[in-house]
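Chains, contacts and geometry: an overview
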Amino acid sequence: MTEHVVSPKIYVVILLALLLGTYLTVTAALHDFGLWNIVIALAIATTKATLVVLFFMHAKYSPKRTQLVVACAVFWLALLLFMTMSDYFTRVDYRGIRYPVSQNVFIHQPHRS
Amino acid sequence: MATTSTIHTGPALKLPEKHYLNTGYGIRSWLLTTDHKRIALLYLLSVTFFFFIGGFFAMMIRLSLLTPDGRLLSPDTYNRMFTMHGVSMIFFFLIPSIPAILGNFFIPLMIGAKDLAFPKINLLSWYIYIVGGAFTLYSMMAGGLDTGWTFYTPLSTVYSNSAVAPAVVGIFITGFSSILTGLNFLVTIHTMRAPGMTWFRLPLFVWAHYATSVVMILGTPVVAITLGLAAMERVFGLGFFNPAMGGDPILFQHLFWFYSHPAVYIMILPAMGVISEIIPTFARKKLFGYHFVAAASLAIAVIGFLVWAHHMFLTGQSTYAALAFSFLTFLVAIPSAVKVFNWTATLFGGSISFDTPMLYAFGFLGLFLVGGLTGLFLGCLGVDMHVHDTYFVVAHFHYIMVGGAVMGYLGGLHFWWPKITGRMYPEWLARIAALVLFVGFNLTFFPQFVLGYLGMPRRYHVYPPEFQVYNVMSTAGASILALGYLLPMIYLTWAAFYGRVAGNNPWPATGLEWTTPSPPPTENFEVTPVVTWEAYDFHNRPELGLDVPSQPVGAHEHD
Amino acid sequence: MHRTGELYGQFETLEQQKDSATLGMWIFLVTEVLFFGGLFLTYTVNRHLYFTAFGVGGNMLDLKLGATNTVVLIASSFTMAMSVWSAQTDRKKLLPLFLILTFLLGGVFLGIKYVEYKQKFDHHLVPGHSFDLTYRINHPAPGDSPKELAAERQEIEDALKTEAAGTPQEQLTALNAHAQLFFSLYFGMTGLHALHMIIGAGLLIWVIRESFKGRFTASYNTPIEIVGLYWHFVDIVWIYLFALLYLINRHSV
C-alpha cells in the first residue's frame, strides 16, 4: 500500500488558513453582532477543526472507515449536546412559563472528602 | 426431538500435548502473559471474585428485607448494602463478564486470528481493572458507599458521609479497562479477519461484540468525566451539581445516564451474542435471519444512546423532552424483538437437544422477554409515574440482567468450557443446576413485580407489613438462586481438572473455534485458516460428522 | 524491548500492523472527543443558565495570551505535519528538527498557560474559599491600566443587576458563585487540555529519541503518524476552548 504523501505546499496553505481564521475570530469577537457572535465563533472554530482533521490528520486521504469513525465522533458529541439541551430549552412549568434553574444564593458548603 | 445429549461417545480422547495452559508454568507466565486466552482466564478469576462480593451484599439486602421493620441492619448500613451490591455487580461483574472473558477468549479464534490486535493493551486492560477494583474494595472496607450505584448529587458530592471519592476513582479507572477492551475488539474485527472471513460470515457473537465495543467506546468516556467532575466537586467544593451554588443536579443525571443506559446494552448484547451461538448449535439449524440479527445488534447499540432520559421522567425535566425519550424507548425495543423472533424461528423445524447451554438459552428467551416487555411498561410516561423507584423497576432490570445477561454468561461458559479446558462438565448435574437457578430466579424476582405494582419503594429498608409475604418469597428464592450459582462454580472447577476429555468439537458446532484442538495452542491456528463456508452452515461441513444432507452453497441465501 | 519496524507476532503483514495502529489511534481519539464532550456539555448548560456571569468571567481572561497560544498550537500542528512528511520522504535530518520544533512550541504553550494561571491565582480567581471576582478592582496592582479596571468595574456592576437575588450583598454572592462555575470550567477544561499536552510532550520525547536513531523511514513511520494524530486532536480541542472561553462577550468591553 503506498501511502498518500501530502505536499508541504498544502500544509502551508492550511497553516495560513488557520492563522487567518484565528485573526478573523478574534476580530469578530471584538464587534457586537448580538446573538450571531457565538455562531460566528463556532463556525470559524469548526472550519479550523475541519481543516486540521482533513489535511493535517490526513482524513481526506484515509480509507472510508476512518472517515466513518470521525463522523461518528462528531455525531455522538452532537447527540450528547443537542439532546441534553433539548431538555433545558423546553422546560415549561404548569403555568406555561419557560423556566431555567432558579438562581439561588450562594451558601458556603463545608469541605468533605 | 432428541433428548439424549449430542456429546459424541467413542474411544477415549486425549488432550493435545502442547496447548495454551501448559506452555509455561509459574506466576510470571500468567501475570505477564499477552495470550488473549490466558488473559480471559485472569478475568474469569477476578470477575468471579467481584460476583461473590456483589452476591454477599445481595444476601445482606434480602436477609434484611425478611422483616418489615428492617431491624437486621441500621438504615445507613442498608443503604451501603444496596449501593455496594449495585456497584460491584454492574461495574465489576456484568460489564466485563462476557466481553472480557468469552469475548477475549473467542473473538480471535472465531475470526481466524492468532491474537487480538493489541495483546499488551489487553493485559493492561486487566491490570487497570484490578487497580480500579482495588480502589473500590478500599472504599468498601473504609465503610462503604451509601449513595446508590447512581451517585446522584448533591448527596454524593456534598452530603454523604461515606467513602465516595475512592469508589468513584475506582470506577473511573475501571472505565478505561472497558474502553481499551472495546478498542481492541473493534480494531481486531476490522483488520484481523482470516482470508475468506467476510463480514457476513462472522459468527453473530462477533457482531454482538462489535456492537458492544461501539457502545463502550462512545459511552464510557462520558461517565468517566462525569465521575471525575463529581469527585472534583466533592473534594474541592465546586458547584456544578449543587443547587446551593447555582449548579444543577439534573445535569449530573443527564451526564450519568448518557453512559449508564447504553451500559445496559453493553451488558445484554454479548449475552445475545452467546444465545445466537447456542441456539443454532442445539437446534442444528442455521440461524434464521442472520442479516437481521446482525443489523439489530448495531441498531440496539445506536438507538440505545437515544433513550437515557427515561431514567429521569420524574425529575422535573422538560415534558417535551420526556415525550421524545419515551417514544425513542419504544423504538429501542424493536431490534430486541427482532432478535427474539429470529431465535424462535431458528428453533422451528430444528433438531432440538436439551444440553445445558440450550437450557440456559431457553431460560434467556423467556426471562429476557418478560424483562424487555416490562421495560416497555416503564417507558410509558403514565405508568412510570406510579412504578418509578419501586420494586417494579428492580424486578425489570433483574429479569434482564440476571435472567438475560447472567443466563447468557453461564450458558456461554458451559458451551465453551470444553474448548477452554479441554474437558467436559458433568451434564446431568449441570442440567439440574440450571433448573435450580431458573426456579430460584423466578421465585426471587417475580414477587418483586407484584411488590412494585403495589407500591413498595426501592432502596427502603422498611416496608408496610402487608408486603412481607412477597419479601419472604423473594428471599427464599434468593437462597435457591445462590445454590444455582454455587453448583456451577463447583462442578466447572472440578471439571476443568477431572472432567472427561472433550475433543475438538463435542457438540458439534460450526464456528472456527471448534476446528482447533481443545484446549487450543497458544498461537490458535498452526496454519491461518481460509474460510469458505457461511456461518452456522451445518449442511456443507462434512467434517463435523453430522448426518445432515449437504446442500449447494447458497441454497438458503435469502434468510 | 522490541525493535521498531518489526512485524509483531499477532499480525500477518506490516500493512495489517500499520492499519491496526492507525485505526486504534483514531478510535482512541473518539473516546477523547466524548471525554472532553462531557465537559463541553457542562459548559453549555451552565453558560445557558448564567450567560452574564460567564461573560464577566470570560472577559477576565487574557485575550492576547489566549490568541498567542492559539497561534502557537496551530504552528505546532504544522510542524508536526511536516515531521510526518519528513518521515514519509526519508528526510532523516529534517524529521528530528520538526519534531523538536513541535515539542518546543508545545513548551511555549505550557509556559504561557502557567503565566495565565499565575495571573488568575494572583487575582483571586481560582475557585475555592478565596474566590473573589472583585479582588482585582478593589486591590489594583501598580501595572494595571485604570481604563481596564474601570471597564471591569462597570461590567461587574452591570452583571450584578441581572442577578435574581435580593440585597446587593446577596447579588454579589450569587455573581461570585456563578462566575466561580465559569472559572471551575476554565481551570477544569484548560487543565485537562494541558494534561493532554504534557502527555503529548512525553510522546514527542520518545519519538524524537527514536528518530535520532534513524528508526523511521518511508516504509516505517507509524509512530510518527499516530503521535501526530494525537497532537492534532489536542490542537482541535484548544481551538474550541479558545472560542468558548475567551471570546464570549469581548465586544462589550
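Everything numeric here is computed off the predicted structure, so don't read it as measured data.

Examining the overall build of chain A
- Looking only at helices and strands, chain A has 3 helices and 0 strands in total.
- From first element to last, N terminus to C terminus, chain A shows the α and β order α-α-α.
- Considering chain A as a whole, with its 113 residues, one finds that 30% of them fall into the buried category.
- Once local pairs closer than 6 in sequence are excluded, the contacts in chain A between residues at least 24 apart make up 38%.

Quick notes on the overall build of chain C
- If you tally the helices and strands in chain C, you get 8 helices and 0 strands.
- N-terminal to C-terminal, the α/β element order of chain C is α-α-α-α-α-α-α-α.
- Taking the principal axes of the C-alpha coordinates as reference, chain C spans close to 75 × 35 × 30 Å.
- For chain C, with 253 residues in total, the buried portion stands at 49%.

Focus on the domain arrangement of chain A
- Domain parsing of chain A yields domain 1 (1-62) and domain 2 (63-101).
- Here the C-alpha centroids of domain 1 of chain A and domain 2 of chain A sit 24 Å apart.

Remarks on the interface of chain A and chain C
- Counting residues at the interface gives 42 residues for chain A and 43 residues for chain C.
- Of all elements in the fold, only α1 (8-29), α2 (36-56) and α3 (64-89) of chain A reach the threshold of two or more residues within the side of chain A that touches chain C.
- Tallying contributions element by element places α3 of chain A first for the side of chain A that touches chain C, with 12 residues.
- Grouping the constituent residues of the side of chain A that touches chain C by class yields 31 nonpolar, 7 polar and 4 charged.

A short note on the confidence of the model for chain C
- The pLDDT averaged across chain C works out to 91; a share of 97% of its residues lies at or above 70.
- For this predicted complex, the interface score ipTM comes out at 0.93, while the overall pTM is 0.94.

Comments concerning helix α3 (residues 75-111) of chain B
All names here are of chain B.
- In a regular helix each residue adds 1.5 Å, so 37 residues correspond to 54 Å; α3 covers 51 Å between its end C-alpha atoms and thus fits that length.
- Maximum bend of α3: about 55 degrees, positioned at Pro96.
- α3 sits mainly inside the fold: 33 of its 37 residues count as buried.
- Trailing α3 by a residue or two, Gly112 shows a phi angle of about 85 degrees, which is positive.

Some remarks on the environment of Phe258 of chain B
- Considering the arrangement of structural elements, one finds Phe258 of chain B in helix α8 (residues 249-283).
- Owing to 27 C-beta atoms within 10 Å, Phe258 of chain B belongs among the buried residues under this scheme.
- Between the C-alpha atoms of Phe258 of chain B and Leu454 of chain B, which are 196 residues apart in sequence, the distance is 30 Å.
- In this structure, Phe258 of chain B is in contact with Leu80 of chain A together with Gly219, Val222 and Trp308 of chain B, ignoring residues within four places of it in sequence.

Considering the confidence of the model for chain A
All names here are of chain A.
- Considering every residue of chain A, the mean pLDDT works out to 85; 82% of them sit at 70 or more.
- Here α3 stands out as the least confident element of chain A, with mean pLDDT 94; α1 is the most confident, with 96.
- Long-range and interchain partners of residues 101-113, a stretch whose pLDDT sits below 50, account for 31 contacts in this model, where long-range means more than four residues apart.

Side note on unusual backbone geometry
Residues and elements named next belong to chain B.
- Cis rather than trans, the peptide bond between Trp507 and Pro508 has omega equal to -10 degrees.
- Mapping Pro508 onto the fold places it in the segment after β2 (500-501).
- Positive phi outside glycine occurs at Tyr536, with the angle close to 55 degrees.
- Checked against the element boundaries, Tyr536 lands in the segment after β2.

A closer look at the packing of helix α13 (residues 391-421) of chain B against helix α15 (residues 468-498) of chain B
Residues and elements named next belong to chain B.
- Axis separation between α13 and α15 bottoms out at 10 Å; the angle between their running directions is 10 degrees. The angle between the axes of α13 and α15 places the two elements in the roughly parallel class. On α15, the residues touching Leu410, Leu413, Trp417 and Thr421 of α13 are Pro488, Leu492, Ala495 and Ala496.
- For the contact of α13 with α15, a count of residues per class yields 7 nonpolar, 1 polar and no charged.

Some words on the interface of chain B and chain C
- With 34 residues of chain B at the contact, the number on the chain C side is 29 residues.
- At 10 residues, the largest contribution of residues to the side of chain B that touches chain C is made by helix α7 (residues 204-236) of chain B.
- Within the side of chain B that touches chain C, the residues separate by chemical class into 24 nonpolar, 7 polar and 3 charged.

As for the packing of helix α6 (residues 164-191) of chain B against helix α1 (residues 14-49) of chain C
- Running from N to C, α6 of chain B and α1 of chain C point in directions that differ by 140 degrees, and their axes come no closer than 9 Å. Relative to α1 of chain C, the element α6 of chain B lies oblique. Relative to α1 of chain C, the crossing made by α6 of chain B is right-handed. Each of Ile179, Leu183, Leu186, Val187, His190 and Thr191 of chain B in α6 of chain B lies in contact with α1 of chain C, whose residues at this interface are Gln16, Asp19, Ser20, Leu23, Gly24, Ile27, Phe28 and Thr31 of chain C.
- Along the lines of polarity and charge, the residues of the contact of α6 of chain B with α1 of chain C split into 7 nonpolar, 6 polar and 1 charged.

Examining the environment of Arg458 of chain B
Residue and element names in this part refer to chain B.
- If you trace the backbone, Arg458 turns up in the loop between α14 (427-454) and α15.
- Through-space distance from the C-alpha of Arg458 to that of Thr390 is 4.7 Å; in sequence the pair is 68 residues apart.
- When residues no more than four places from it in sequence are discounted, the contact partners of Arg458 are Asp389, Thr390, Tyr391, Val393 and Val394.

Criteria and thresholds
- Residues numbered from 1 in each chain as written.
- Chains lettered and ligands numbered in written order.
- Predicted model: local features only at pLDDT ≥ 70, side-chain atom pairs only at ≥ 80, totals over all residues.
- Helix = DSSP H or I, 4+ residues; strand = E, 2+ residues; numbered from the N terminus.
- Buried ≥ 20, exposed ≤ 12 C-beta atoms within 10 Å, placed from the backbone.
- Contact = placed C-beta atoms within 7 Å.
- Domains from an automatic or database assignment.
- Nonpolar A, V, L, I, M, F, W, Y, C, P; charged D, E, K, R; others polar.
- pLDDT = per-residue confidence, 0-100.
- Expected span 1.5 Å × (residues − 1).
- Bend = angle between axes of the 7 residues up to and from the residue.
- Axes fitted to C-alpha atoms, helices over the stretch in contact; angles between N-to-C directions.
- Parallel < 35°, antiparallel > 145°, perpendicular 65-115°, else oblique.
- Left-handed = near helix turned anticlockwise from the far one by under 90°.

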